[in-house]
Amino acid sequence: MKMMKVQGKSSLSARARYTAAAVCALTLLGGAPAAQAADPLQPDPELEAVTLSAPKPSWVFVERGFVVPGNTIYDTDTGKMLGQVETSHLSDLSLDPAGKVYYVAESIWSKGSRGTRQDMITVYDAATLKLKSEIVMPGRILIGGRKFNFVIGEAGKTAYVYNLDPASSVNVIDLVKGKFVKKIELPGCASLMPVDGVGFSALCSDGSLATVKTAGAKPEIVRSAPFFSATNDPIFDNFGFNGPKQEAVFLTYTGQVYTAKLGATPTISEPFSIQAAAGVTPADTKPLDVYWYPGARQGLALHSASGLAYVLMHTGEYWTHKEPGTEIWVLDVAAKKVTKRIPLEEPAATIAVTQEAAPKLVLGIEDGTLLILDAKTGAEKFKLEKSAGGVLRTLEP
């Protein structure tokens, strides 16, 4: 079982190292008791293993970063760390809708960074964070910072894992039986969305939306007409997805907003400008022109119940889509109106929103700080240093 920090108690790693070093020093000086000298690495009596509850809407799962493994769990109600899900480098975390386990799609090598490659979904118990099982699969893409490489559909029964072996494909996993089912070739498409009763959809490089029916012996793939330009004005791959309503909110690099109703035959709206929705000049793709643009590594968070999208915005030129946000724009998607603009003291690279009736915003700052804000007022609730890193995930309905 993993050891987790209990409120008001010392860190296991720091305290254990300090205790071991002190005991070893005393031993060399002849001042350590015999019992301590015989076994200097006794467990810290101030630490204890705890059992977590099922994931709560107030929790946020923080990917530690590009090179640091692990997804840390924080409670936005208290600002306290609850535990850490063990994840390897460039892995993807997904949450069981029933709250019983955590799924990690990952790749490891038998000799660290070399040797035999193993691709799998690793299953951890949500209460103890202990390893439960592994589901072997033939491959997966090695890339970080994306929410939609690994998604779960059919009320937690089926997983879809994006693969690139040798071209774009999707692994279909039966989570109930714990086994790989099949690989579906899907050239030129990525960013997966589960579609209940159908299979999944994905965005494609020709500007279309592919919908894949997975039930038959041979998958049926239908593509929409192209609706965006992946060359001139791409869509951010960390978009907004509302599972219960089967809706997606897409945002392009210039700030064009599309909504899609998913299904066997999806419908996609005409776009509107987020800048126009805020009463400012819409952005374009011309070089040297300065406008408000969306950006950041994870720049949009959707609150499913209210239909509000929280978008990180900055001023700059086109192709500054990786710049962190200096403001949060609160967009009422249905009304096509920006209802609030929240200035930030420090630019944010990632944003998430808890799916509570009174939601909180979680921001990852470039220096590693994690900010927790009241989503209605923008007031700061907690500031956690050295706690941010990569993708932020919250429990979604």
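To be clear, the structure that these remarks concern was listed above.
Residues numbered from 1 in each chain as written. Predicted model: local features only at pLDDT ≥ 70, side-chain atom pairs only at ≥ 80, totals over all residues. Heavy atoms only, no water.

What to know about the pairing of strand 28 (residues 380-384)
It is a general feature of regular strands that their side chains alternate between the two faces of the sheet.
Part 1 of the reasoning: Note that strand 27 (residues 370-374) and strand 28 share 4 bridges and pair antiparallel. Residue pairing in the sheet places L370 in a bridge with L384 of strand 28.
Part 2 of the reasoning: Taking the residues between adjacent antiparallel strands as the criterion, strand 27 and strand 28 are bridged by 5 residues, where G378 takes a positive phi near 80°. (Pairing = 2+ DSSP bridges. Helix = DSSP H or I, 4+ residues; strand = E, 2+ residues; numbered from the N terminus.)

Observations concerning the sheet that holds strand 14 (residues 209-213)
Strand pairing in a sheet is mediated by backbone hydrogen bonds. Such pairs are either parallel or antiparallel.
Part 1 of the reasoning: If you walk across this open sheet you meet the 4 strands as 12-13-14-15, and the pairing is antiparallel. The open sheet has two edge strands with one neighbour each: strand 12 (189-195) and strand 15 (220-223). Neighbour-to-neighbour, the strand axes of this sheet turn through a mean angle of 25°, independent of strand direction.
Part 2 of the reasoning: Here strand 13 (residues 199-204) runs beside strand 14; their pairing, made up of 5 bridges, is antiparallel. Bridge pairing links L203 to L209 in strand 14. (Axes fitted to C-alpha atoms, helices over the stretch in contact; angles between N-to-C directions.)

Quick look at the pattern of salt bridges
Part 1 of the reasoning: Summed over all chains, the structure comprises 12 salt bridges.
Part 2 of the reasoning: A salt bridge links E220 to K213, with the shortest nitrogen-to-oxygen separation between them at 4.0 Å.
Part 3 of the reasoning: For E220, a relative accessible area of 41% translates into the label partly exposed.
Part 4 of the reasoning: Judged by its relative accessible area of 31%, K213 falls in the partly exposed class.
Part 5 of the reasoning: Here E356 makes a salt bridge to K360, at a shortest N to O gap of 2.9 Å. You'll find E356 and K360 in the same group, each marked buried. (Salt bridge = Lys/Arg side-chain N within 4 Å of Asp/Glu carboxyl O. Buried < 20%, exposed > 50% of the residue type's maximum accessible area, 1.4 Å probe, protein only.)

Brief notes about the sheet that holds strand 1 (residues 59-63)
Part 1 of the reasoning: Ordered by their spatial adjacency, 4 strands build an open sheet running 3-2-1-29, and the pairing between neighbours is antiparallel. Each edge of the sheet is formed by a strand with only one pairing partner; in this case those strands are strand 3 (80-85) and strand 29 (392-394). Shown here is a sheet whose adjacent strand axes are inclined to one another by a mean of 25°, direction ignored.

Quick notes on the state of the cysteines
Part 1 of the reasoning: Scanning all chains against the criterion turns up 1 disulfide.
Part 2 of the reasoning: Note that C189 is cross-linked by a disulfide to C204, the S-S spacing being 2.0 Å. Looking along the S-S bond of the C189-C204 disulfide, the torsion reads about 100°, which is the right-handed sense. Highlighted residues: C189 in strand 12 and C204 in strand 13, separated in sequence by 15 residues. Residues C189 and C204 agree in their burial class; the two are buried. (Disulfide = S-S within 2.5 Å.)

Examining the packing of aromatic side chains
Part 1 of the reasoning: Here the structure, examined in full by the defined rule, presents 13 aromatic pairs.
Part 2 of the reasoning: When the ring of F227 is compared with that of Y258, the centres are 5.2 Å apart and the planes differ by 70°; the resulting orientation is edge-to-face. Linking F227 in the loop between strand 15 and strand 16 (240-242) with Y258 in strand 18 (residues 256-261), this pair joins segments that are 31 residues apart in sequence. The exposure classification of F227 matches that of Y258, with both residues buried.
Part 3 of the reasoning: On the numbers, 4.8 Å between centres and 40° between planes, the contact of Y318 with W319 is tilted.
Part 4 of the reasoning: Judged by its relative accessible area of 10%, Y318 is buried.
Part 5 of the reasoning: Through successive ring pairs, a cluster of aromatic residues spans F148, F227, F228, F239, F250 and Y258.
Part 6 of the reasoning: Above the plane of the ring of W292 lies R341, whose end atom (NZ or CZ) is 5.0 Å from the centre. (Phe/Tyr/Trp six-rings, centres within 6.5 Å; stacked < 30°, edge-to-face > 60°. Lys NZ or Arg CZ within 6 Å of the ring centre and 35° of its normal.)

What to know about the environment of Q298
Part 1 of the reasoning: Counting through the fold element by element, Q298 comes out in the loop between strand 21 (291-294) and strand 22 (300-303).
Part 2 of the reasoning: Once the C-alpha coordinates of Q298 and A348 are considered, the two residues, 50 residues apart in sequence, prove to be 9.3 Å apart.
Part 3 of the reasoning: In contact with Q298, not counting residues within four places along its chain, are K147, N238, L312, A349, T350, I351, G390, V391 and L392.
Part 4 of the reasoning: A polar side-chain atom of Q298 sits 2.8 Å from the main-chain amide nitrogen of L392. (Contact = heavy atoms within 4.5 Å. Polar contact = N/O pair within 3.5 Å; in protein donor to acceptor, adjacent residues only side chain to side chain.)

No statement about biological role is implied by the geometric values presented.
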